[in-house]
Amino acid sequence: MSDIVRVFEVGPRDGLQNESVPVGTQTRVDLIERLTSAGIRRLEAGSFVSPKAVPQMAGTAEVLRALRPSPGVTLSVLVPNIRGMESAVNAGIREVAVFASASETFSQRNIGCRIEESFARFEPVMAIARDNGIAVRGYVSCVLGCPYEGEIALGSVVGTSQRLAAMGCYEISLGDTIGIGTAGSTRRIFGAVCDELGHDLVAGHFHDTRGQALANVLACLDMGIRSFDSSVAGLGGCPYAPGASGNLASEDLVYMLDGLGMETGISLDLLADAGDFISGALGRPTGSRVGKALHGVRRAARAA
Ligand code: HMG
Ligand code: MG
């Protein structure tokens with residue numbers, strides 16, 4: 001099985017969308033450039049959603065305009081509908097993500113429609129993507145539990161994933177939106193999706209609310225999954241998932257993968273610098289355990 005793991009950085013989107021005070025354009029740009037300098041090759045730069053729903057992501061077009069070209073880096077944005085897709089095309093984006101939910105109530109709260117309607121909205125998005133040669137990634141939220149409905153039927157997770165794959169999504173990111181899963185439920189639910197789609201099409205997106213994200217990644221690695229979403233400094237949450245805390249911290253993920261001898265192409269040191277940068281800009285300590293440890297080690301080295 002391959003030792004190469006694809007890390008998909010979502011901090012500039014999933015992280016910053018949850019900040020109570022929106023972060024300015026230049027800070028968003030500086031963060032993304034620090035992340036790509038650290039070796040991040042796949043990154044979600046923002047979203048084209050309603051600025052009334054998620055004001056933190058207004059200005060995504062300005063962020064994309066201000067970024068220096070970065071060869072070999074794929075920038076992606078979230079799009080919920082045709083309007084978001086048109087903004088993505090205008091911004092010259094080569095990859096987008098559509099986001100569905102395995103929970104009806106979460107779908108309603110997050111994007112204002114039922115699961116069925118969300119797929120109707122994705123159809124023209126996929127058509128524009130095909131016409132413009134834009135890759136589409138698909139998310140399924142609430143795969144290990146929903147903040148409103150609790151446990152979600154396995155059939156809904158598998159069915160939603162299959163529909164996204166059948167529409168043409170090149171990868172399906174299964175989201176533990178509220179960080180409620182364990183290695184046990186990860187094995188069961190992710191295993192069932194892998195049985196249908198194959199592990200190459202599946203990615204893990206774990207919020208770390210209960211400190212289980214790394215264990216869940218390990219369970220996924222055992223199943224052959226090699227693509228994981230994470231967020232620098234453990235930023236994040238979802239405005240429509242009360243109580244959900246940050247994503248698995250990218251520094252923690254890369255530290256564990258380094259320890260397993262797996263290849264990510266990412267410099268942990270430079271990643272931790274990016275984490276220090278955004279934590280400083282937000283005026284609070286990093287949410288990454290590894291980031292915290294590295295910060296302490298460096299401070300001690302400077303003082304010596
Ligand atoms: P709606 O109210 O059903 O749709 O919202 P609407 O068509 O009636 O539009 C409402 C307003 O939004 C209108 O403006 C539209 O013009 C505008 P108004 O007339 O009121 O001034 N609008 C837009 N503006 C900019 N860009 C657009 C766009 N579309 C409509 N693309 C909608 C539907 C989906 C737009 C809304 O509910 C929305 O934007 N929701 C935000 C959802 C979101 O970003 N959630 C967080 C990301 S998902 C997540 O974090 C989970 C994930 O990380 C995985 C996991 O952890 O599980 C991915
Ligand atoms: Mg998320």
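None of the values given here were measured: they were computed from a predicted structure.

Calculation criteria
- Each residue is numbered by its place in its chain's sequence as written, counting from 1.
- As they are written, the chains are lettered A onward and the ligands numbered 1 onward, keeping that order.
- Side-chain atom pairs in this predicted model are given and counted only at pLDDT of 80 or more, local residue features only at pLDDT of at least 70, and totals for whole chains, interfaces and linings cover all residues.
- Values shown for side chains rest on all heavy atoms present in the structure; no hydrogens or waters enter the calculation.
- To define a nonpolar core, start from buried Ala, Val, Leu, Ile, Met, Phe, Trp, Tyr and Cys residues and group those joined through side-chain atoms within 4.5 Å.
- Categorising residues by exposure relies on relative accessible area from a 1.4 Å probe, with only protein chains included: less than 20% of the type maximum marks a residue as buried, more than 50% marks it as exposed, and the intermediate range marks it as partly exposed.
- In DSSP terms, a helix is any run of H or I states spanning at least four residues, a strand is any run of E spanning at least two, and both are numbered starting from the N terminus.
- Any two residues whose heavy atoms approach within 4.5 Å are treated as being in contact.
- Donor atoms: N, O and S within 2.8 Å of the metal, or within 3.2 Å for Na, K and Ca. Because water is excluded, sites can look incomplete.
- Within 3.5 Å is the distance limit for a polar contact, defined as a pair of N or O atoms, with the added protein rule that one can donate a hydrogen and the other accept it, and that residues adjacent in sequence qualify only through two side-chain atoms.
- Helices are assigned an expected span. That span is 1.5 Å times one less than the residue count.

Peer 1: Just checking my understanding: could you explain the nonpolar core for this structure?
Peer 2: Nonpolar side chains tend to gather and get buried jointly when the protein is soluble and globular. Ranked by size, the top nonpolar core spans 84 residues in total, and within it Val 79, Val 96, Leu 164 and Phe 190 carry the most contacts. The leading source of residues in this core is helix 6 (residues 115–132), at seven residues. Here Val 96 is in contact with Ser 76, Val 77, Val 79, Met 85, Ala 88, Ile 134, Ala 135, Val 136 and Arg 137, once residues within four sequence places are set aside.

Peer 1: What exactly am I supposed to notice about the environment of Ala 66 here?
Peer 2: Within the element layout of this structure, Ala 66 appears in helix 3 (residues 60–66). Once residues lying within four places of it in the same chain are set aside, the contact partners of Ala 66 are Val 29 and Glu 33.

Peer 1: Would you take a moment to explain the coordination of the magnesium ion (ligand 2) for this structure?
Peer 2: The coordination sphere of the magnesium ion (ligand 2), as far as protein atoms go, consists of Asp 14 (OD), His 205 (NE2) and His 207 (NE2), spread over 2.1 to 2.3 Å. Taking the relative accessible area as the measure of exposure, His 205 reaches 5% and is therefore buried.

Peer 1: Which parts of the structure should I look at to understand unusual backbone geometry?
Peer 2: Most peptide bonds adopt trans geometry, and most residues besides glycine take a negative phi value. Unlike most non-glycine residues, Cys 142 shows phi in positive territory, near 65°. Examined against the element boundaries, Cys 142 turns out to sit in the loop between strand 5 (135–141) and helix 7 (154–167). Owing to a relative accessible area of 0%, Cys 142 belongs among the buried residues under this scheme.

Peer 1: Mind showing me how you'd approach the side chain of Ser 101 here?
Peer 2: Checked against the element boundaries, Ser 101 lands in strand 4 (residues 95–101). Residue class for Ser 101 comes out buried when judged on its relative accessible area of 3%. Engagement of the side chain of Ser 101 in a polar contact is seen with the backbone nitrogen of Ser 103, the distance being 2.9 Å. With residues up to four places along the chain from it excluded, the contact list for Ser 101 reads Phe 106, Ser 107, Ile 115, Val 140, Ser 141, Cys 142 and Thr 160.

Peer 1: Would you explain helix 6 in this entry?
Peer 2: Along an α-helix, a turn takes 3.6 residues, which lines up residues three or four apart on a common side. Across its 18 residues, helix 6 extends 26 Å between first and last C-alpha, which sits within 8% of the 26 Å expected from 1.5 Å per residue. Taken as a whole, helix 6 has its buried residues at Ile 115, Ser 118, Phe 119, Phe 122, Val 125, Met 126, Ile 128 and Ala 129. Residues of helix 6 that are buried in the fold lie against helix 4 (82–90), strand 4, helix 5 (104–111), strand 5 and helix 7. Count one or two residues on from helix 6 and you reach Gly 133, which has phi positive near 65°.

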